[in-house]
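Summary of structural features
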Amino acid sequence: QVQLVESGGGSAQAGGSLRLSCAASGRTFSSYAMGWFRQAPGKEREFVAVITWSGGNTLYAESVKGRFTISRDDAKSTVSLQMNSLKPEDTAVYYCAAEARGRYYDPSYAYWGQGTQVTVSS
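Residues numbered from 1 in each chain as written. Predicted model: local features only at pLDDT ≥ 70, side-chain atom pairs only at ≥ 80, totals over all residues. Heavy atoms only, no water.

**Structural notes on the pairing of strand S9 (residues 92-100)**
Here is the rule we go by: Throughout, exposure labels follow a simple rule: accessible area from a 1.4 Å probe, protein chains only, divided by the maximum for the residue type, with under 20% read as buried, over 50% as exposed, and the rest as partly exposed. Starting at the N terminus, helices and strands are each numbered in turn, a helix being any DSSP run of H or I of at least four residues and a strand any DSSP run of E of at least two. Strand pairing is defined by DSSP finding a minimum of two bridges between the two strands.
Of all the nine residues making up S9, seven are buried; the element is thus mostly covered by neighbouring parts of the structure. Summarising the sheet, strand S4 (residues 34-39) and S9 pair through six bridges and their orientation is antiparallel. Bridged to Trp36 within S9 is Cys96. Pairing of S9 with strand S11 (residues 116-121) involves three bridges; the strand directions are antiparallel. Along S11, the bridge assignment pairs Tyr94 with Thr116. By the bridge criterion, three bridges tie S9 to strand S10 (residues 109-112) in an arrangement that is antiparallel. Bridged to Ala100 within S10 is Tyr109.

Below, the structure written as structure tokens:
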């Protein structure tokens, strides 16, 4: 089992920045690809970013590419999402996920955090 706990959500003005963190406990963190997803009210959960188990590869949704950066610290069992140049359409609950069971951009991960709210005002 893997437990994931997100933190760092909150409110920001458009153009501002927020940094989300996800702390993992349980099984070997370093062996999992780690992803971030988000879900806005009335919408399906959508892929944001993923970082492979080695940290050598990252993948971003087109909507956040160039603005968001995913990183991981295996020594601390954490994965972070630095969000810059925020837009109102980034408003959503953000979820951390571990161990992809299918394609990295599909919400088919084995483990999920409880989510953290991000609200961006114009």
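**With respect to the environment of Arg67**
For clarity, the cut-off: Between N or O atoms, a polar contact is any pair within 3.5 Å; within protein, one atom must be a potential hydrogen donor and the other a potential acceptor, and residues adjacent in sequence are included only when both atoms are from side chains.
In this structure, Arg67 sits in the loop between strand S6 (58-60) and strand S7 (68-73). When its relative accessible area of 11% is taken as the criterion, Arg67 is described as buried. Spatially, the C-alpha atom of Arg67 lies 8.2 Å from that of Gln82, the residues being 15 residues apart in sequence. A distance of 2.9 Å separates a polar side-chain atom of Arg67 from the backbone oxygen of Ser85.

**What about the sheet that holds S7?**
The following threshold applies: Between the N-to-C directions of two axes lies an angle of 0 to 180 degrees, each axis being a line fitted to C-alpha atoms and, for a helix, fitted only over the stretch in contact.
Spatially, four strands are ordered S1-S3-S8-S7 in an open sheet, and the strand pairing comes out antiparallel. Across the chains shown, the open sheet's two edge strands, defined by having one partner strand only, are strand S1 (2-7) and S7. On average, each strand axis in the sheet is inclined to that of its neighbour by 15°, with strand direction left out of account. The sheet contact formed by S7 and strand S8 (residues 78-83) spans six bridges and is antiparallel. Residue Asp73 lies in a different strand from S8, and its bridge partner there is Thr78.

**Some remarks on the environment of Arg72**
To be explicit about the condition: Between two residues, a contact is recorded if the distance between any of their heavy atoms is within 4.5 Å.
With respect to the helices and strands, the residue Arg72 is situated in strand S7. In sequence terms Arg72 and Ala98 are 26 residues apart; their C-alpha atoms lie 12 Å from each other. Apart from residues no more than four positions distant in its own chain, Arg72 is found in contact with Phe29, Ser30, Tyr32, Ala33, Met34, Ile51, Thr52, Trp53, Gly55, Thr78 and Val79. Reaching out from Arg72, the side chain makes a polar contact with the backbone oxygen of Thr52 at a distance of 2.8 Å.

**Describing the state of the cysteines**
Here a disulfide denotes a covalent bond joining the sulfur atom of one cysteine to the sulfur atom of another. For clarity, the threshold we go by: Cysteine sulfur atoms are paired as a disulfide whenever they come within 2.5 Å of each other.
Enumeration according to the criterion identifies one disulfide in this entry. For Cys22, the disulfide goes to Cys96, at an S-S distance of 2.1 Å. Residues Cys22 and Cys96 are joined by a disulfide whose S-S torsion is about -80°; by sign, that bridge is left-handed. Note that Cys22 is positioned in strand S3 (residues 18-26) and Cys96 in strand S9, a separation of 74 residues in sequence.

**Regarding a nonpolar patch on the surface**
What counts here: Patches here: salt-bridge-free residues with over 30% relative accessible area, like charges joined within 9 Å, nonpolar side chains (Val, Leu, Ile, Met, Phe, Trp, Tyr) joined within 5 Å. We get accessible surface area from the Shrake-Rupley algorithm with a probe of 1.4 Å; when it comes to residues, only the shown protein chains can shield them. Any carboxyl oxygen of Asp or Glu within 4 Å of a side-chain nitrogen of Lys or Arg constitutes a salt bridge here.
A cluster of nonpolar residues, Leu59, Tyr104 and Tyr105, forms a patch on the protein surface that exposes about 270 Å² of accessible area. Following the sequence through the fold, Tyr105 ends up in the loop between S9 and S10.

Nothing here speaks to function; it is geometry throughout.
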